[in-house]
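Structure at a glance
Residue-level listing of the chains:
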Amino acid sequence: MKKIVLNSIAIAIVAITILAMSRSVLLLDTTQIDDIASLRIDLLFAAVAKDNFASTYDSLTSPELRESTSRKDYEAYGLALQKCGKLVQKAMDGYRIRQSRHGTLDVSYLVNFENGQGVFVGRLTELNGEWKFDSFSIQSWSGYPNSIDG
């Protein structure tokens, strides 16, 4: 009887641990979400400023984005982003957490550049403990490329 109780407790602990790990993205607070997204946005636009945007294709994007967007198209989008100028300031405007196969964050930031302003909209997915862009775009910017979608 004692062995059955101990086995039941062990099974319950394992089940709770698995559930907690699969739902860990749901436990993020606004500051953590801002830290995750903000760093990656900074890395994107630092690469744009250094004329090295192409390097982010492998390091900051998900397999889904790379499957739907060729390296050549991605590089062309980076050239278009150079028209914005340097990223001067950004502030989180909103976010949404979704749980599917992987944790997913939809984020929006008000962004100010040397040459104007707009809204950065992105979707990040957690893959093996790393957050990667599934898609991102600058919106509310007239005459600007719409988005890269993954």
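Procedures and definitions
- Positions within a chain are numbered from 1, following the residues in the order the chain's sequence is written.
- Given that the model is predicted, a residue must reach a pLDDT of at least 70 before its local features are reported, and side-chain atom pairs must reach 80 or more before they are shown or counted; all residues, however, enter totals for whole chains, interfaces and linings.
- To obtain the side-chain values, all non-hydrogen atoms of the structure were used and water was disregarded.
- Strands are runs of DSSP state E lasting at least two residues, helices are runs of H or I lasting at least four, and both sets are numbered from the N terminus onward.
- Buried, partly exposed and exposed residues are distinguished by accessible area as a fraction of the type maximum, computed with a 1.4 Å probe on protein chains only: under 20%, between the cut-offs, and over 50%, respectively.
- Throughout, the Shrake-Rupley method with a 1.4 Å probe supplies accessible areas, and for residues the shown protein chains are the sole cover considered.
- For the purposes of this section, nonpolar cores are sets of buried Ala, Val, Leu, Ile, Met, Phe, Trp, Tyr and Cys residues that join through side-chain atoms within 4.5 Å.
- In what follows, residue pairs with any heavy atoms lying within 4.5 Å of each other are defined as contacts.
- Definition of a polar contact: a pair of N or O atoms within 3.5 Å, with one able to donate and the other able to accept a hydrogen when the atoms are protein atoms, and with sequence-neighbouring residues admitted only if both atoms are side-chain atoms.
- At least two DSSP bridges between two strands are required for those strands to pair.

Attention now goes to the overall build of the protein chain. When helices and strands are tallied, the protein chain shows 5 helices and 4 strands. For the protein chain, the sequential pattern of α-helices and β-strands runs α-α-α-α-α-β-β-β-β. A total of 150 residues make up the protein chain; the buried ones form 36% of that total. Accessible surface, the protein chain: about 8900 Å² in total, of which carbon and sulfur atoms supply 54%.

Another point: the nonpolar core. Counting residues in hydrophobic clusters, the biggest one holds 27 residues, and the most contacted among them are L44, F45, F120, F133, F136 and I138. Going through the elements one at a time, helix 2 (30–49), helix 5 (71–81), strand 2 (103–113), strand 3 (116–127) and strand 4 (130–139) are the ones with two or more residues in this core. The greatest single-element share of this core, amounting to 7 residues, is contributed by helix 2. Residues in contact with F45, not counting those within four places in the same chain, are L81, L87, F113, F120 and I138.

A few words now on the side chain of S137. Looking at where S137 falls in the secondary structure, it is placed in strand 4. Of the polar contacts made by the side chain of S137, one reaches the side chain of Q139; its length is 3.3 Å.

Now for the pairing of strand 4. In terms of burial, strand 4 is a largely internal element, 8 of the 10 residues being buried. Examined bridge by bridge, strand 3 and strand 4 share 9 bridges and lie antiparallel to one another. Directly across from V121, in strand 4, lies its bridge partner S137. Between strand 3 and strand 4, which follow one another and run antiparallel, lie 2 residues, and N128 among them has a positive phi close to 55 degrees.

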